[in-house]
Amino acid sequence: MKKLQLERILHSQGFGSRKECRALIRNGRVAIGGEEIDDPFLELTPAGLRFAVDDVAWDYQEKAYLMLNKPVGYECSHQPKHHASVYALLPPPLNGRQVQSLGRLDEDTTGLLLFSDDGQFIHRCTSPKKVVPKVYEVTTRHALDEAQLRALCEGVLLHDEP
């Protein structure tokens, strides 16, 4: 793996714009091996790099892969319209890495969501051509009768689309 400037490494990990990362370093907020680093242009091999920002240790990760048990009341959108964004639940700096959710859950639905900034991984998991099976467990507030269950199994229309 080739060497990268420290400001670029921090930027790739979601710590802000390159300018913001440069400021973090120059303001003495970044350390490697317990030693404060003040040179944003210091070239390092990122693989296996362990560093600290504001005394919080971080391991360099080329790609991010996250799991989140989505609670009720959050939209799976970067620009939510009616509820808070599920991205607000991601810990900093991971929410700065431009991760995308693999699929969506309605705001009144809970369940596992996967997130990544690895475009090829996202494509492999979500492309209909890849036929990745998904399992949904659904519960209802009230018991369903046979007719309701059959109607659900045959498919429902949302906004006039099956």
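Quick summary incoming for the structure in this document. Owing to the predicted nature of the structure, the values given are computational and were not obtained by experimental measurement.

A word on the sheet that holds strand β11 (residues 111-116)
Strand order in the open sheet formed by three strands is β7-β11-β10, with antiparallel pairing between adjacent strands. At either end of the open sheet lies a strand with only one pairing partner, and these are β7 (65-70) and β10 (100-101). Two elements, β10 and β11, share two bridges in a ladder whose sense is antiparallel. The residue bridging S101 from the neighbouring strand is F115, located in β11.

Some details on the packing of aromatic side chains
Geometrically, a pair of aromatic rings is defined through the distance of the ring centres and the angle of the planes. Counted according to the given criterion, the structure contains four aromatic pairs. Between F15 and F51, the aromatic rings sit 5.9 Å apart at their centres with planes inclined by 65 degrees, giving edge-to-face as the arrangement. Remark: F51 occurs in strand β5 (residues 50-53) and F15 occurs in the loop between α1 (6-12) and α2 (18-26); sequence separation between them is 36 residues. Residue F15 is classed as buried on the basis of its relative accessible area of 16%. Relative to W58, the ring of F15 has its centre 5.4 Å away and its plane inclined at 85 degrees; by these criteria the two rings are edge-to-face. With F15 in the loop between α1 and α2 and W58 in strand β6 (residues 56-59), this pair connects stretches of sequence that are 43 residues apart. Under the relative-accessibility criterion, W58 is labelled partly exposed at 23%. Put simply, the rings of F15, F51 and W58 touch in pairs and so form one group of aromatic residues.

Regarding the nonpolar core
Core analysis: the largest hydrophobic core is formed by 15 residues, its most contacted members being L6 and L10. When residues of this core are traced back to their parent elements, those giving at least two are α1, α2, β2 (30-32) and β5. Setting aside residues no more than four positions away along its own chain, L6 makes contact with I25, V30, I32, I37, D39, P40, L42 and L44.

A word on the side chain of D118
Here D118 shows up in the loop between β11 and α3 (119-126). Buried charged residue D118 carries no salt bridge. Nearest counter-charge: K63, at 5.1 Å. Aside from chain neighbours lying at most four places away, what touches D118 is K63 and Y65.

Rules used throughout
Residues numbered from 1 in each chain as written. Predicted model: local features only at pLDDT ≥ 70, side-chain atom pairs only at ≥ 80, totals over all residues. Heavy atoms only, no water. Pairing = 2+ DSSP bridges. Helix = DSSP H or I, 4+ residues; strand = E, 2+ residues; numbered from the N terminus. Phe/Tyr/Trp six-rings, centres within 6.5 Å; stacked < 30°, edge-to-face > 60°. Buried < 20%, exposed > 50% of the residue type's maximum accessible area, 1.4 Å probe, protein only. Core = buried A, V, L, I, M, F, W, Y, C linked by side-chain atoms within 4.5 Å. Contact = heavy atoms within 4.5 Å. Lys, Arg positive; Asp, Glu negative; His and termini not counted. Salt bridge = Lys/Arg side-chain N within 4 Å of Asp/Glu carboxyl O.

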